[in-house]
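# Inside the fold
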Amino acid sequence: MALTFEITKHIGILAKLPNGWTKEINLVSWNDRPAKYDIRDWDEEHQKMTKGITMSEDEFEELKAILIDIK
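Reading the values: the criteria
- Residues numbered from 1 in each chain as written.
- Predicted model: local features only at pLDDT ≥ 70, side-chain atom pairs only at ≥ 80, totals over all residues.
- Heavy atoms only, no water.
- Buried < 20%, exposed > 50% of the residue type's maximum accessible area, 1.4 Å probe, protein only.
- Helix = DSSP H or I, 4+ residues; strand = E, 2+ residues; numbered from the N terminus.
- Pairing = 2+ DSSP bridges.

## Topic: the pairing of strand E3 (residues 36–42)
Most of E3 sits out of view: five of its seven residues are buried. The pairing of strand E2 (residues 22–30) with E3 spans seven bridges and is antiparallel. In the sheet register, Ile25 faces E3, and the bridge partner there is Ile39. Bridging between E3 and strand E4 (residues 53–55) involves three bridges; their strand directions are antiparallel. Considered in E4, the bridge of Ile39 is made with Ile53.

Here it is, written out as structure tokens:
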């Protein structure tokens, strides 16, 4: 089975890498499933990507709370 994806919302670029790729946070639908928050590196055309991390809405909210607390 081929992996399919659709970036449903670009949220932001976390870093621009020397090779032209960008580390981004987006909402991504994988294999026609509901979109999840996703952090990973993407090539300029958003056709190739590295391994990353996906989070549900609840996990993303928990991450935000943790990040606010460590400031």
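## Side note on unusual backbone geometry
Despite not being glycine, Asn31 has its phi angle at roughly 50°, a positive value. By the element assignment, Asn31 lies in the loop between E2 and E3. A positive phi angle is found at His46, which is not glycine, with a value near 55°. Mapping His46 onto the fold places it in the loop between E3 and E4.

In short, shape yes, function no, at least from these values alone.
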